[in-house]
Amino acid sequence: MAEATSRALERVSQAAKQAPGRGLPPVHLWNPAHCGEIDIVIKKNGVWFHEGTPIGREALVRLFSTVLRKDPDGTYLVTPVEKMKITVEDAPFVAVRVDRTGEALKFLTNVGDEVEAGPEHEIRVEMDPTSGAPHPYLHVRRGLDALIARPVFYELVEMAEERQTPAGPRLGVTSNGAWFPVGPAGAHRI
């Protein structure tokens, strides 16, 4: 089984390397047959594990991240000829940095993606129903999100301005002409 997994990882790696230039492979255009599951888990903190061991090679994680695709039934590593389901505990990426560049908020993910928040790359904050803790996310591409790391979220809250909304006063940030609330109405006044 380990040899089959190793061969599958090698095929995924080769497909990802064939991406033109530094762009992303067109995984949304590939429709291979489902080939089963592969023992890859992306933990809540963004660390990738293969067969219970962290994948230590940053370049390999970056390479695999380029062939991720989210389908209605799960997240997959996809090549032109294979589609293997993986496990994602929360979001496949983590936003580890944010910078204000003019009218845009520019994020950097743990796998090297640079994403400007805006209408196509929305920021959303979900509240944990049990603890009430915020879980902030940034849409990266085609249904794949980045969990915004806590220090980065604190930076967003520092940048936030209050607006009146139908639900009441809310803090939010603006990027590329879009406004994104960073918490529930009135939470900043407690």
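Residues numbered from 1 in each chain as written. Predicted model: local features only at pLDDT ≥ 70, side-chain atom pairs only at ≥ 80, totals over all residues. Heavy atoms only, no water.

So, the side chain of K83
At step 1: Locating K83 in the fold gives a position in strand β6 (residues 83-88).
At step 2: Overall, K83 belongs to the buried group, its relative accessible area being 13%.
At step 3: Among the polar contacts made by the side chain of K83, one reaches the side chain of D71 at a distance of 2.8 Å.
At step 4: Here K83 is in contact with P32, A33, H34, C35, G36, R69, D71, Y76, L77 and V78, once residues within four sequence places are set aside. (Helix = DSSP H or I, 4+ residues; strand = E, 2+ residues; numbered from the N terminus. Buried < 20%, exposed > 50% of the residue type's maximum accessible area, 1.4 Å probe, protein only. Polar contact = N/O pair within 3.5 Å; in protein donor to acceptor, adjacent residues only side chain to side chain. Contact = heavy atoms within 4.5 Å.)

Observations regarding the side chain of T75
At step 1: Mapped onto the secondary structure, T75 falls in strand β5 (residues 74-78).
At step 2: If sequence neighbours within four positions are ignored, T75 has contacts with L68, R69, K70, M84, K85, I86, V88 and L144.

With respect to the pattern of salt bridges
When their charged atoms lie close together, side chains carrying opposite charge are able to pair.
At step 1: Using the criterion set out here, one finds nine salt bridges in the structure.
At step 2: The salt bridge involving K83 is made with D71; its shortest N-O contact spans 2.8 Å. Separated by 12 residues along the polypeptide, K83 in strand β6 and D71 in strand β4 (residues 68-71) bring together distant segments of the chain.
At step 3: Owing to a relative accessible area of 14%, D71 belongs among the buried residues under this scheme.
At step 4: In this structure, R124 engages E126 in a salt bridge whose closest nitrogen and oxygen atoms are separated by 2.9 Å. (Salt bridge = Lys/Arg side-chain N within 4 Å of Asp/Glu carboxyl O.)

Topic: the sheet that holds β4
Two orientations exist for strands paired in a sheet by backbone hydrogen bonds: parallel and antiparallel.
At step 1: If you trace the six strands from one edge of the open sheet to the other, you get β3-β2-β1-β6-β5-β4, paired in mixed fashion. Where the open sheet ends on each side, the last strands, each with one partner, are β3 (53-54) and β4.
At step 2: Direction of pairing for β4 relative to β5: antiparallel, over a ladder of four bridges. Residue R69 lies in a different strand from β5, and its bridge partner there is Y76.
At step 3: This element, helix α2 (residues 58-65), spans β2 (48-50), β4 and β5 of the sheet and lies at about 95° to β2. (Pairing = 2+ DSSP bridges. Axes fitted to C-alpha atoms, helices over the stretch in contact; angles between N-to-C directions.)

Concerning the environment of V140
At step 1: With respect to the element layout, V140 can be found in strand β11 (residues 134-141).
At step 2: Considering only alpha carbons, one finds V140 and D113, 27 residues apart in sequence, at a separation of 8.1 Å.
At step 3: Residues in contact with V140, not counting those within four places in the same chain, are F93, T109, D113, V115, H121, D145 and A146.

Here we look at the sheet that holds strand β10 (residues 123-127)
At step 1: With mixed pairing, six strands are arranged side by side in an open sheet as β9-β8-β7-β12-β11-β10. Edge positions in the sheet fall to β9 (114-116) and β10, since each of these pairs with one other strand and no more. With strand direction ignored, the average angle separating the axes of adjacent strands in the sheet is 40°.
At step 2: Pairing analysis gives four bridges linking β11 to strand β12 (residues 144-148), with the strands arranged antiparallel. Residue pairing across strands places H139 opposite D145, the latter belonging to β12.
At step 3: Packing against the sheet, helix α3 (residues 150-159) makes contact with β7 (93-101), β8 (104-109), β10, β11 and β12, and its axis sits at approximately 30° to β7.

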